[in-house]
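# Secondary and tertiary structure notes
Chain by chain, the residues:
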Amino acid sequence: MAYTPPSPNRSHSDDETTSNRRLYNPYKDLNLPSQTLYHLPTQPEFLFQEESIAQRRSWGENITYYTGIGYLAGATGGAAQGLASAVKAIEPTDTTKLKINRILNGSGHRGRQIGNRCGVIGLMYAGLESGMVAWRDTDDVINSVVAGLATGALYKAASGPRAAALAGALGGVVVGAAVAGKPYLKRYIPL
């Protein structure tokens, strides 16, 4: 039985007492309490048993996570940098509309540029780290540091060997510091 909306000339109280129609409830015949209807599992569910053994994200989740985090962090930092440069570029004769336009254009332009760069770096790092884990069949600090080295070197490979070596060393140091600092971060900052 379908729901029929009340006619506009009758009041709500008139409709309840004089109507011989009832509202349709699709859950009436289920006879289930709401606690069992919405009982959600407390542990993760896995399609295959071997997925439950792994204590790390899959390569697809890893790529999605690092690319997204890289883009978000880069876009936020780039927008802040674009905001600062746009505020410096404002002239005294600019109208309010022109000032807002200058700020939005500067923030959006710089945020996109740096966000895309950091997203590509995150994508390269995640792919290389997942490749190292699959190749070495172990998950340890060496995979992360080598992936950082390779990411920096590949990212700056077009700038020449000296820039690639410097960027590779920087990438390895940054990832090494992040891996070494992670236990201290967990210890002092409850997440």
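These notes cover the structure that comes with them. Each chain carries its own residue numbering, running from 1 in the direction its sequence is written. Whole-chain, interface and lining totals are the exception, using all residues; otherwise, since this is a predicted model, local features are given only for residues with pLDDT of at least 70 and side-chain atom pairs are given and counted only at 80 or more. In computing side-chain properties, one takes all heavy atoms of the structure into account and sets aside hydrogens as well as water.

On to helix H7 (residues 161-188), then. With 28 residues, H7 ought to run about 40 Å at 1.5 Å a step, and its terminal C-alpha atoms sit 40 Å apart, in line with that. At every residue, the bend is computed as the angle between two fitted axes, covering the seven residues ending there and the seven beginning there respectively. Secondary structure elements follow DSSP: runs of H or I of four or more residues count as helices, runs of E of two or more count as strands, with numbering from the N terminus. Glycine 181 marks where H7 bends most, by close to 40°; the proline proline 183 follows one to four residues later. For H7, every residue scored as buried is listed here: Ala164, Ala167, Gly168, Gly171, Gly172 and Val175. For this analysis, residues touch if any pair of their heavy atoms sits within 4.5 Å. Against the buried residues of H7 lie helix H5 (96-136) and helix H6 (141-155). For a helix, the expected span equals 1.5 Å multiplied by the residue count minus one. Residue burial is assigned from relative accessible area. The probe radius is 1.4 Å, only protein chains are included, and a residue is buried under 20% of its type maximum, exposed over 50%, and partly exposed in between.

Let us look at H5. Three- or four-residue spacings in an α-helix give side chains the same orientation, since the helix completes a turn every 3.6 residues. Helix length check: H5, at 41 residues, gives a terminal C-alpha distance of 59 Å against a target of 60 Å (1.5 Å per residue), a fit within 8%. With its phi angle positive at about 55°, aspartate 137 sits one or two positions after the end of H5.

Salt bridge, as applied in this entry: a Lys or Arg side-chain nitrogen positioned within 4 Å of an Asp or Glu carboxyl oxygen. In the structure shown here, the tally under the stated rule is two salt bridges. In this structure, arginine 102 and aspartate 94 form a salt bridge, with 3.1 Å as the shortest nitrogen-oxygen distance. Residues arginine 136 and aspartate 140 are paired through a salt bridge, measuring 2.8 Å at the closest nitrogen-oxygen approach. Relative accessible area serves as the criterion here: at 31%, arginine 136 is assigned to the partly exposed category.

What is shown is where atoms sit, not what they do.
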